[in-house]
Amino acid sequence: MIPEITQKNVHIFIPYKVSKICAEICKKEHVSALQAIVRFYKSKVARLLGEEDTKLWQLGWVALYEMYEEEQNEN
């Protein structure tokens, strides 16, 4: 039986995706891992990823990275 995803347990999907996104930020923006983490967690995408009702946790890390990239290009 697959458990229901709620705001209480959505966090289990996030670490892997964030690590892959931050690795891509490091590679593309030529920054340290710490800088990549800070940049990502300051983004709207990061805030929305932690909210179960947005369903962003269902997306793959590449799609999330592309959303992050779009957000950065808008600023």
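Above this text you will find the structure in question.
Residues numbered from 1 in each chain as written. Predicted model: local features only at pLDDT ≥ 70, side-chain atom pairs only at ≥ 80, totals over all residues. Heavy atoms only, no water.

1. Quick look at the state of the cysteines
And step 1. A complete count under the given rule lists 0 disulfides for this structure.
And step 2. Between C22, a free cysteine, and C26, which holds the nearest cysteine sulfur, the sulfur-to-sulfur gap is 6.9 Å.
And step 3. According to the relative accessible area criterion, C22 is buried, its value standing at 6%. (Disulfide = S-S within 2.5 Å. Buried < 20%, exposed > 50% of the residue type's maximum accessible area, 1.4 Å probe, protein only.)

2. Remarks on the environment of I12
And step 1. With respect to the helices and strands, I12 occurs in the segment before α1 (14-29).
And step 2. The sequence separation of I12 and W57 amounts to 45 residues, and the corresponding C-alpha distance is 9.5 Å. (Helix = DSSP H or I, 4+ residues; strand = E, 2+ residues; numbered from the N terminus.)

3. Structural notes on α1
And step 1. The first and last C-alpha atoms of α1 sit 22 Å apart over 16 residues, in line with the 22 Å expected at 1.5 Å per residue.
And step 2. Along α1, the residues that are buried comprise I14, K17, V18, I21, C22, E24, I25 and C26.
And step 3. Check the buried side of α1 and you find it contacts α2 (33-41), α3 (44-49) and α4 (61-74).
And step 4. Once α1 finishes, H30 follows within two positions and takes phi at roughly 55°, a positive value. (Expected span 1.5 Å × (residues − 1). Contact = heavy atoms within 4.5 Å.)

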